[in-house]
Amino acid sequence: MDKAELAVFLRSRRERVAPADVGLPAGRRRRTPGLRREEVAQLAYISTEYYTRLEQARAPHPSAEVLAGLSRALRLNDAERNHLHDLAGVPPVRPVGPPREVRQSILDLLDRLPNAAAIVLSAYYEVIAWNHLAAALMEDFSVRSRAERNLLRRAFLSGDRHVYSVVDGARFARSSVNHLRVTAARYPDDPELRSLIADLSASEEFTALWEAHEIAGEPTLCKSFQHPLVGLVTVNCDALAIPDSDQQVIIYTATPGSPSEEALRLLSVVGTQRLDVPG
């Protein structure tokens, strides 16, 4: 525990939070910026005396519960919360499973890619966000359940060996299972992940790949979709990691001037209205 640094950090975060940010009146007689010590203590459900001792580098080791209360009271983001735990010498509590929420800036990014099909995958290969062109190229994800939007379930349990008529489904099968094994080590206590693996184990192909214990994945740089309306669409495939939420943005783009670019342009106009993509 670094008492001195912890004290400085708490004071700096307290001075940053305006009373209005936490629903308190500003008042006229505030002599310091931000919250008062007693206000932080009240919001964190600890005594004012103990919080004061923390800021004076005189308090004993805070518990994980105290740190959680301080994180809420001081409106810390994830990076700040982890730093608080590091200073206090208390390992942060890891989430049971990966987040499914996609932050607004990523959703805005998808909408700003009109000539590219783009989706966001969770750590469990669930499609959790997509743009208009991705729905036209692959399927209308909005009419699918969560389970049906999971690409691993589609690949191994649906009977559709080539999901969305992808020409090379074997590479996706290998890389996705390798990635899932790494994810399983990161979230060993998540019941949703255990349920997913148990369901996928009904597939002999999945079981064989899972029992190989491979973790190195080969990047997919190019992918071909056999589309029922526009035929073969070959696209470049780029994956952008979002480390803080354990998500990936998958962007499909066609080579400029190619027939596939023209096919994507047509799909961007037609959308999903005339498509009958088998599930």
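Here goes a summary of the coordinates provided. Sequence positions are assigned chain by chain, starting from 1 and proceeding in written order. A pLDDT threshold of at least 70 governs which residues receive local features in this predicted model, and a stricter bar of 80 or more applies before side-chain atom pairs are shown or counted, although totals over entire chains, interfaces and linings include all residues. Only hydrogens and water are set aside; all other atoms, that is, all heavy atoms of the structure, feed into the side-chain values.

Before going further, it helps to examine helix α12 (residues 259-270). Numbering goes from the N terminus for both helices and strands, where a helix is a DSSP run of H or I of at least four residues and a strand is a run of E of at least two. Expected span of a helix, by definition, is 1.5 Å for each gap between consecutive residues, and there is one gap fewer than residues. Taking 1.5 Å of rise per residue, 12 residues should cover 16 Å, and α12 covers 16 Å from first to last C-alpha, within 8% of that figure. When α12 is considered as a whole, its buried residues turn out to be S260, A263, L264, L267 and V270. On an axial view of α12, the arc spanned by its buried residues comes to 125°, and they lie on one face. A contact between two residues is defined here by any heavy atoms of the two lying within 4.5 Å. Buried residues along α12 sit against α7 (132-137), β3 (222-227) and β4 (231-242). Positioned one or two residues after α12, G271 has a phi angle of 70°, which is positive. Three exposure classes are used, based on accessible area relative to the maximum for each residue type with a 1.4 Å probe and protein chains only: buried under 20%, partly exposed in between, and exposed over 50%. This arc is taken over the directions from the axis of the helix to the C-beta atoms.

Here we take up the pattern of salt bridges. Criterion for a salt bridge: a side-chain nitrogen of Lys or Arg within 4 Å of a carboxyl oxygen of Asp or Glu. Under the criterion given, the structure shown has 16 salt bridges. When the shortest N-O distance is used, the salt bridge between R144 and E148 registers 4.0 Å. Taking relative accessible area as the criterion, E148 reaches 33% and is therefore assigned partly exposed. Between R186 and D246 there is a salt bridge, with the nearest N and O atoms lying 2.8 Å from each other. In this pair, R186 sits in helix α9 (residues 169-186) while D246 sits in the loop between β4 and β5 (247-253), placing the two residues 60 residues apart along the sequence. For R186, a relative accessible area of 30% puts it in the partly exposed group.

All we've got here are geometric facts, nothing functional implied.
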